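Working through the structure, step by step
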Amino acid sequence: MHRSGNKTYMCLDGSIERISMQFQKIQLSSSAYDTAWVAMVPSPTSPNHPCFPQCLDWLIKHQHSDGSWGLDHFQPFLIKDYLSTTLACIIALEHWKVGQEQVRKGLNFIGSNFSSILDKRLQSPIGFDIIFPGMLEYALDIGLDVPIEHHEIDNILRQRDAELHSEQGSCNARETYLAYVAEGLGNLHDWKETMKYQRKNGSLFNSPATTAAAMMHCYDSKAHEYLQSLLLKFDSSVPTLYPVDVHTHLHLIDMIEKLGIAEHFRHEIKCILDKAYRSWLLEEEEIHSDVATCAMAFRLLRLNGYNVSSDCLIGLGDVHYFSNTLQGYLKDVNTVLELYKASQIKIYPNEQGLDKLASWSRMFLKEALITNQNLGHPIGLQEVDYNLKFPIWLRLERLEHKNTIENFTLDNLQVLKTSYECYSIKDNDLVRLALDCFQTSQCTYQEELRMLDKYFHCFIVYMNRYFNPPFFSFNDHIS
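Residues numbered from 1 in each chain as written. Predicted model: local features only at pLDDT ≥ 70, side-chain atom pairs only at ≥ 80, totals over all residues. Heavy atoms only, no water.

1. Things to note about the packing of helix 10 (residues 208-217) against helix 11 (residues 221-233)
Where helix 10 meets helix 11, the axes come as close as 10 Å, and the angle between the chain directions of the two elements is 135°. Considered as vectors, helix 10 and helix 11 are oriented oblique to each other. The two elements helix 10 and helix 11 meet at a crossing, and its hand is left-handed. For the pair formed by helix 10 and helix 11, the contact residues are P208, T211, A212 and M215 on the first element and A223, H224, Y226, L227 and L230 on the second. Of the residues belonging to the contact of helix 10 with helix 11, the class tally is 7 nonpolar, 2 polar and no charged. (Axes fitted to C-alpha atoms, helices over the stretch in contact; angles between N-to-C directions. Helix = DSSP H or I, 4+ residues; strand = E, 2+ residues; numbered from the N terminus. Parallel < 35°, antiparallel > 145°, perpendicular 65-115°, else oblique. Left-handed = near helix turned anticlockwise from the far one by under 90°. Contact = heavy atoms within 4.5 Å. Nonpolar A, V, L, I, M, F, W, Y, C, P; charged D, E, K, R; others polar.)

Written out as structure tokens, the structure is:
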């Protein structure tokens, strides 16, 4: 039983208590792709030996029965991700001359599915057209007999070269993007220049793969500490993105509020927002280095009464400023949707930067909606369309709760350079509680309506009996 105000909710399965206990936990899937890159890092004191041998053991134990590596539940539309991940794992094992049986099975998987590599209809991980050809070239250099026809390999490499020589996007954004996918460039890349993107936690872009690739070319103690800490935390493997705690918790609060169950977790929500607010004031990287996280933090903190300035979003009022970021170069719809929602939380008349942000982000989303481009997980057409039709100030809470419940998808899958799952609380727990609470509230409203109807009819009878002159009906008069 859980009490909120004067209402009592019976939670037969203890879902509120169970969800409350899980608030601080972050479930983040291990990435075979990133673990493979970490496995390739040589020891700084003994270059002929791996720096992190436990990664090789993890790779050998986590190959699928079909010879591939990747997420446990096979997703056919992500076949390119499985191919890229499998190639990375094969290279790591072959590089250190271990797991020959796993290498053989992995090569068979690639040979059986290589036709998908050039299929433009399939979803590609970020940087696939650069990273996969780069790994393929490296695999051939170390003597792997990759079961792909030579003319197909030449075609793949030609497309990679065309991609590298294209001039799309601004110079700064292009440089940032190439640094982000630098593991696919090998010796073609200026790795010392890439180290300017290193963050305070020692990583490059919070990406273990990029960080490991940089360590293969120029050792860095902070990068070493970053990777070592991840291996300890994730049991000999690494995720594809870390840290993600702030973003995941803010996304959880956002979802809980849209589902209409925030009243049950006021203490937990306040603890998370207090922590996020401290990070905001200290301008910590986990919030301010990621555009989507910054926009979501601004919106949720301001809506919950925290004094946050819109200064961090002012520059993004200029679409060219956004185009110079990594997310801008990738035309990331998820990020632009967060910016659009943040732009609506304007409380001061001099925040014209938010007006400009609302203007271009709305146009961007309309174009994305029409062309259906770059709409991947977890955001699809429905959420973009809903936010364009119903700005925050036009929404009715209970109708939004109903819409969120009806369109809820049990899917935590996201795709960067590889696919991954990240969540704090299982979605089915949240939506089950939301449905129970919504049905309870509807029963309460219907009972209140019946009581009002009863009182109203009693009032009409009373007025007709005691206060009306002859030949006058109060009931007829009001109707």
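More follows now that the structure is in view.
2. Here's the deal with the layout of surface pockets
In this structure, the second largest pocket occupies an estimated 390 Å³ of space. Lining the second largest pocket are 20 residues; nearest its centre among them are Y138, L185, G186, N187 and H217. Within the residue set of the lining of the second largest pocket, elements represented by two or more residues are helix 6 (128-141) and helix 10. Broken down by element, the residue count for the lining of the second largest pocket peaks at 5 residues, all from helix 6. Its residues placed into classes, the lining of the second largest pocket shows 11 nonpolar, 5 polar and 4 charged. (1 Å grid on protein atoms, 1.4 Å probe; cavity = no way out; pocket = protein on both sides within 12 Å on 5 of 7 lines; lining within 4 Å. Points joined across faces, edges and corners; volume = space filled by probe spheres on them.)

3. Considerations on the environment of A32
With respect to the helices and strands, the residue A32 is situated in helix 2 (residues 32-39). Not counting the four nearest positions on each side in its chain, A32 is found in contact with W58, L59, W69, G70, T85 and C89.

4. Structural notes on the nonpolar core
In terms of nonpolar packing, the biggest core is built from 83 residues, with W37 and L59 touching the most fellow members. In terms of residue count, the dominant contributor to this core is helix 4 (residues 79-95) (10 residues). With residues up to four places along the chain from it excluded, the contact list for W37 reads A88, M135, E183, A209, A212, A213 and M216. (Core = buried A, V, L, I, M, F, W, Y, C linked by side-chain atoms within 4.5 Å. Buried < 20%, exposed > 50% of the residue type's maximum accessible area, 1.4 Å probe, protein only.)

5. With respect to the confidence of the model for the protein
Across the protein, the average pLDDT comes to 89, with 92% of residues at or above 70. The model gives residues 1-12 a pLDDT under 50, and that stretch makes 18 contacts with residues more than four places away or in other chains. Low pLDDT (under 50) marks residues 374-379, which in the prediction has 18 contacts with non-local residues, meaning those over four places away or in another chain. (pLDDT = per-residue confidence, 0-100.)

6. Let's talk about the sheet that holds strand 3 (residues 27-28)
Within the open sheet, the 3 strands sit side by side as 3-5-4. Their pairing is antiparallel. For this open sheet the edge positions go to strand 3 and strand 4 (413-415), each flanked by a neighbour on one side alone. Here strand 3 runs beside strand 5 (residues 419-423); their pairing, made up of 2 bridges, is antiparallel. Its bridge partner being in strand 5, Q27 is matched across the sheet by Y423. (Pairing = 2+ DSSP bridges.)

7. Description of the packing of aromatic side chains
Tallied over the entire structure, the rule returns 12 aromatic pairs. Here F234 and Y242 contribute two aromatic rings whose centre-to-centre distance is 5.6 Å and whose plane-to-plane angle is 80°, an arrangement assigned as edge-to-face. The pair formed by F234 and Y242 is uniform in burial state, with each residue classed as buried. Aromatic side chains Y277 and Y306 sit 5.2 Å apart centroid to centroid with 50° between the ring planes, which places their arrangement in the tilted category. One end of the pair, Y277, is in helix 13 (residues 266-281); the other, Y306, is in the loop between helix 15 (291-303) and helix 16 (311-314), with 29 residues separating them in the sequence. Site record: aromatic cluster; members linked through ring pairs are Y180, Y197 and F205. (Phe/Tyr/Trp six-rings, centres within 6.5 Å; stacked < 30°, edge-to-face > 60°.)

8. A closer look at the pairing of strand 5
Pairing analysis gives 3 bridges linking strand 4 to strand 5, with the strands arranged antiparallel. Across the sheet, V415 pairs through a bridge with S419, a residue of strand 5.

9. Some details on helix 15
Think of an α-helix as turning once every 3.6 residues; residues three or four places apart then point the same way. Over its 13 residues, helix 15 runs 18 Å from end to end, which matches the ideal 18 Å to within 8%, given 1.5 Å per residue. Along helix 15, 12 of the 13 residues are buried, which leaves the element largely enclosed by surrounding structure. (Expected span 1.5 Å × (residues − 1).)

10. Some remarks on the side chain of D429
By the secondary structure assignment, D429 is in helix 23 (residues 427-466). Within polar-contact distance, the side chain of D429 engages the side chain of R432 at 2.9 Å. Ignoring anything within four residues of it in the chain, the contact list for D429 reads R18, I19 and Q22. (Polar contact = N/O pair within 3.5 Å; in protein donor to acceptor, adjacent residues only side chain to side chain.)

11. What about helix 5 (residues 100-113)?
The terminal C-alpha atoms of helix 5 lie 20 Å apart, and with 14 residues this matches the ideal 20 Å at 1.5 Å per residue to within 8%. Within the span of helix 5, buried status applies to Q102, V103, G106, L107, F109 and I110. The arc enclosing the buried residues of helix 5, seen along the axis, measures out at 155°, which places them on a common side. Tucked inside the fold, the buried residues of helix 5 contact helix 3 (53-61) and helix 4. (Arc of directions from axis to C-beta.)

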